[in-house]
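# An overview of the molecular structure
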Amino acid sequence: MSFLDVLYFIIPSAIFYAAPLILVAIGGVFSEKSGVVNIGLEGLMVIGAFVGILFNLLYADTFGAATPWISLIAAMVAALLLSLLHAVASISFRADQVVSGVAINLLAVALSLYLVKRIFDKGQTDFITERFARYNVPFLSDIPVIGPLFFTSVYNTSFFAIAIAFVAWFVIYKTPFGLRLRAVGEHPMAADTMGVNVARMRYIAVMISGALAGIGGAIYAQTITNDFGHATINGQGFMALAAMIFGKWHPLGAMGAALFFGFAQSLSIVGSSIPIIQEIPNVFLLILPYVLTIFALAGFIGRANAPLANGKPYIKGQR
Amino acid sequence: MSNRMTNLLVPIVSVILGLLVGAVIMLVSGYNPLEGYAALWNGIFGDMYTIGETIRQITPYLLAGLAVAFAFRSGLFNIGVEGQLIVGWFAAAYVGVAVELPKIIHLPLAIIAAAVAGALWGFVPGLLKAKFHVHEVIITIMMNYIALHVTNALIRTVSDGGDRTENIFASASLRSEFLENLTEFSRLHLGIVLALVMVGVMWFILEKTTLGFELKAVGFNKNASQYAGMNVNKNIILAMVISGAFAGMAGAMEALGTFEYVSSKGGFTGIGFDGIAVALLGMNTPLGVIFGATLFGSLKYGALNMPNAAGIPIEIVEIVIAVIIFFVASGYIIRLLLLRASAKKKEAK
């Protein structure tokens, strides 16, 4: 296998694994930029995956080829509703946001498995019939080198995820809404003084994170596993959290980190059929994203600073 | 109502609310909640065997709860109990398999190995927190995954490509014939004694030693502790190390008592995360941890009876546990409501 062949093999699968991570990591950026820590991303992804698969199985006959896309909407709504629980706890009830996130994670897995067993009478769902299709982008896939790398047998969801990253960057850094969002996360009291409704901004941010995490979970389930069981998501949400931090709480940084982690994941899965890489023990590829995140946080790879008010409930009038 | 009373009432109200939510979910999804909870009750207290198994389940919860609570008291949130438990599990099983020694040396050695492994896994986030001010929550989450993948790889190496190690030598086992006979041959083992001793150890460290005083002081106010001449960095690292050691011992309970081997895992055991629930419910006190571990350990084991006896998926109990955590975390609102209720009573008088 030549080097280029290896790239043709590995890059598309890296992008394919990265797409859900990008969306969920961007969701995390929104939430944490507003000052709400969201450890619950994993759980929100789980609910997204479950509802996505369930909707797909139930309505595949009605909607035909459009089913996976409509499932994304269903998944988005479900995860958004669950994220409201996190929002209420951490914004209105002043709960410890990490603890609330842990509760969301436990709840999401338990609730979706409970429903799977109730509906299907077994530990996992059936396999879906309508899934996202791979296709070659016309014309673009004929470009030498770039064509086979980025435009051959791709999923539309990957383009969608990358587009969302740019939209998120624009919203957070170029719009008044984004300015308020960041202000609320850095110095809520100053924002409040200037007439920004801190609680409302944070609610919106957490709901956006829920919506994106739900879509991410549904994409993961409908492209990679094609069914839902207890191990479907298995840490992808935490990997997205890692991507968010490694990307320094910046939407495009998070996208880059997610692409890189997708690369590491796909290497650990398909790497055994590539020379050189098959010499590296699998475990190093598996732990790479986590180790890198620790290095990034420790400041070995530039300084990663969280939004200043991240994790602190805002109590009016309290200094 | 006194402050102390409200503090006690929050967990109790949370548990009741959690069970209520569970009942509503069972009702809505077409099951009979009374039947469900009866099955749960029988799964916990049905006969001597189930009681033995319930106590066995409580054992690692005690230690995992201690680990989370101990870190909390020093102002640290150790989500890494899960990872520290996994490395402890592996270390204990490895020592149990690799050598054969007289019991008096082998068993303590295996337990110490687990504690040291867990302590090491806690040392890393502690060091990073102290030296680089990195938030321990994220580091410990990452360390969990590193623990999972690394131990899986180690198990494969130790067992020549297999999925699990051999059973440990009897000289490293916590099994006790006396306890087994007492409980109709459940897997109840001597670990429960060790776990209860550790509850005492935590109480002793926190309440009776200078170290404990300093740890609590750092937990309350870092700057004040620094000003008073305490070494804050040293205390942060020590808190994580001791917390990790408790978590590692929880792993030893599984390695030397319940399973007597370690197998590679597709996902987490969940004990570490439930430890957070145990500590929260127990308000991070040693005595409270006993209460929390007993409740969650019983619920977890009793749930196994629910599919057979009532046809209800065991996940209902996990839902209940998640809801309880949610309410305990939202203690502010429960406190507020309790205060309002008692204020109204006063007015009526």
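Chain B has the name Simple sugar transport system permease protein in an unreviewed UniProt entry, where Planomicrobium stackebrandtii is given as its organism.

The name that an unreviewed UniProt entry assigns to chain A is Simple sugar transport system permease protein, with the source organism given as Planomicrobium stackebrandtii. Quoted straight from UniProt, the Subcellular location (unreviewed entry) entry for chain A says "Cell membrane".

For chain A, the count of helices and strands is twelve helices and zero strands. Its helices and strands taken in sequence order, chain A reads α-α-α-α-α-α-α-α-α-α-α-α from the N to the C terminus. Counting only C-alpha atoms, chain A reaches 65 × 50 × 40 Å along its principal axes. Counting all 319 residues of chain A, 56% fall into the buried class. Restricting to contacts in chain A with at least 6 residues of sequence separation, those with at least 24 account for 76%. In the structure as shown, chain A presents an accessible area of about 12,800 Å², 68% of it carried by carbon and sulfur atoms.

Residues and elements named next belong to chain B. The UniProt feature table records "transmembrane region" (unreviewed entry) at residues 12–34, 79–99, 105–124, 188–206, 236–259, 271–296 and 316–339. Secondary structure content for residues 79–99 is 86% helix and 0% strand, while the C-alpha to C-alpha distance between its ends is 32 Å. The span residues 188–206 carries 84% helix and 0% strand; its end-to-end C-alpha distance comes to 29 Å.

Right, let's get into the packing of aromatic side chains. Considering all chains together, one arrives at 23 aromatic pairs over all chains under this definition. Relative to A:F261, the ring of A:F246 has its centre 5.6 Å away and its plane inclined at 15°; by these criteria the two rings are stacked. In this pair, A:F246 sits in helix α10 (residues 236–246) while A:F261 sits in helix α11 (residues 251–270), placing the two residues 15 residues apart along the sequence. For the ring pair A:F260 and A:F261, a centre distance of 6.2 Å and an interplane angle of 50° mean the geometry is tilted. The exposure class assigned to A:F260 is partly exposed, which follows from its relative accessible area of 33%. Judged by relative accessible area, which is 0%, A:F261 ranks as buried. Feature note: the residues A:F238, A:Y290, B:Y145, B:F268 and B:F273 constitute an aromatic cluster, connected by ring pairs. Geometry around B:Y261 places B:R164 over its ring, the cationic atom sitting 3.7 Å from the centre.

All names here are of chain B. Relative orientation of the contacting elements helix α1 (residues 3–28) and helix α2 (residues 33–45) amounts to 125°, with a least axis distance of 9 Å. Of the possible angle classes, the one that applies to α1 and α2 is oblique. Side by side, α1 and α2 meet where L19, G22, A23, M26 and L27 of the first sit next to P33, G36 and Y37 of the second. Along the lines of polarity and charge, the residues of the contact of α1 with α2 split into six nonpolar, two polar and no charged.

Attention now moves to helix α6 (residues 136–158) of chain B. All names here are of chain B. End to end, α6 covers 31 Å across 23 residues, agreeing with the expected 33 Å (1.5 Å per residue, within 8%). Counted residue by residue, α6 has 18 buried out of 23 residues, so it is predominantly covered. Looking one or two residues beyond α6, the residue adopting positive phi is D160, at roughly 55°.

Right, let's get into unusual backbone geometry. As a rule of thumb, non-glycine residues mostly have phi less than zero, and peptide bonds are mostly trans rather than cis. Residue and element names in this part refer to chain B. Its identity as a non-glycine residue notwithstanding, H133 has a phi of 55°, on the positive side. Note on placement: H133 falls in the loop between α5 (103–132) and α6. Classification of H133 by relative accessible area gives exposed; the value is 64%. The backbone phi angle of N284 is positive, close to 60°, even though this residue is not glycine. Note that N284 resides in the loop between α12 (271–281) and α13 (286–302). The exposure class assigned to N284 is buried, which follows from its relative accessible area of 15%.

Turning next to the interface of chain A and chain B. Every contact between the two is made by 38 residues of chain A and, on the other side, 41 residues of chain B. Counting each side, the surface lost to burial between chain A and chain B is near 3,600 Å², with a carbon and sulfur contribution of 80%. Counting across the interface, chain A meets chain B through one salt bridge. One salt bridge connects A:K117 with B:E315, and the closest N-O pair in it is separated by 3.1 Å. Put simply, chain A and chain B have five residue pairs in polar contact (both at pLDDT 80 or more) between them. Per element, the largest residue contribution to the side of chain A that touches chain B is 13 residues, and it comes from helix α4 (residues 97–120) of chain A.

Further remarks concern the pattern of salt bridges. Residues and elements named next belong to chain B. Throughout the structure, instances matching the rule amount to twelve salt bridges over all chains. Of the charged contacts in the structure, one is a salt bridge between R187 and E53, with a shortest N-O distance of 3.3 Å. Of the two residues, R187 is situated in the loop between α7 (177–182) and α8 (191–208) and E53 in helix α3 (residues 48–73); the sequence distance between them amounts to 134 residues. Residue classification places R187 among the partly exposed residues on the basis of a relative accessible area of 30%.

Turning next to the UniProt feature "transmembrane region" (unreviewed entry) in chain A. Residues and elements named next belong to chain A. Under the UniProt annotation, "transmembrane region" (unreviewed entry) lies at residues 6–27, 39–60, 66–86, 98–116, 149–172, 203–222, 258–277 and 283–302. Here residues 98–116 runs as 100% helix and 0% strand, with 27 Å between its end C-alpha atoms. Between the end C-alpha atoms of residues 149–172 there is a gap of 30 Å, over a span that is 83% helix and 0% strand.

Looking at the secondary structure, you find B:E315 in helix α15 (residues 315–329). The exposure class assigned to B:E315 is buried, which follows from its relative accessible area of 9%. For B:E315, the residues in contact, after removing those within four places along its chain, are A:A110, A:L113, A:Y114 and A:K117.

Attention shifts here to a nonpolar patch on the surface. Residues and elements named next belong to chain A. A surface patch of nonpolar side chains, about 450 Å² in accessible area, is lined by L4, L140, I143, V145, I146 and F150. Secondary-structure assignment places F150 in helix α5 (residues 146–151). By relative accessible area, which is 37% here, F150 ends up partly exposed.

Each value, and the rule that gives it
Numbers given for residues are sequential positions, taken from 1 along each chain in its written order. Each chain is given a letter, starting from A, and each ligand a number, starting from 1, according to the order in which they appear as written. Confidence filtering applies because this is a predicted model: local features only for residues at pLDDT of at least 70, side-chain atom pairs given and counted only at 80 or more, and all residues used for totals across whole chains, interfaces and linings. Side-chain metrics rest on all non-hydrogen atoms present in the structure, leaving aside hydrogens and water. UniProt positions are given in the numbering used here, feature names are shortened, and annotations may be inferred rather than shown by experiment. Strands are runs of DSSP state E lasting at least two residues, helices are runs of H or I lasting at least four, and both sets are numbered from the N terminus onward. Each residue's exposure class comes from its accessible area (1.4 Å probe, protein chains only) as a fraction of the maximum for that residue type: buried when under 20%, exposed when over 50%, partly exposed otherwise. Whether two residues touch is decided by their heavy atoms; if any such pair falls within 4.5 Å, the residues are in contact. Every accessible area reported is derived by Shrake-Rupley at a probe size of 1.4 Å, with residue values counting cover from the shown protein chains alone. Centres within 6.5 Å are what make two rings of Phe, Tyr or Trp a pair, Trp counting through its six-membered ring; a difference in plane orientation under 30 degrees is then read as stacked, over 60 as edge-to-face, and the rest as tilted. Geometrically, a lysine NZ or arginine CZ counts as sitting over a ring once it is within 6 Å of the ring centre and also within 35 degrees of the ring normal. Here, axes are lines fitted to C-alpha atoms. For helices the fit covers the stretch in contact, and angles between N-to-C directions go from 0 to 180 degrees. By definition in this entry, angles of less than 35 degrees are roughly parallel, angles greater than 145 are roughly antiparallel, angles of 65 to 115 are roughly perpendicular, and the rest are oblique. Asp, Glu, Lys and Arg are counted as charged, while Ala, Val, Leu, Ile, Met, Phe, Trp, Tyr, Cys and Pro are counted as nonpolar; the rest, among them Gly, fall into the polar class. In this scheme, a helix's expected span is set at 1.5 Å multiplied by one less than its residue total. Buried area is a sum: the accessible area each of two parts loses on coming together, probed at 1.4 Å, counted once for each and added. The salt bridge definition used is simple: a Lys or Arg side-chain nitrogen within 4 Å of an Asp or Glu carboxyl oxygen. The definition of a polar contact used here is a pair of N or O atoms within 3.5 Å, where within protein one atom must be able to donate a hydrogen and the other to accept one, and adjacent residues in sequence count solely through side-chain atom pairs. Residues forming no salt bridge and having over 30% relative accessible area are the ones grouped into patches, like charges within 9 Å of each other and nonpolar side chains (Val, Leu, Ile, Met, Phe, Trp, Tyr) within 5 Å.

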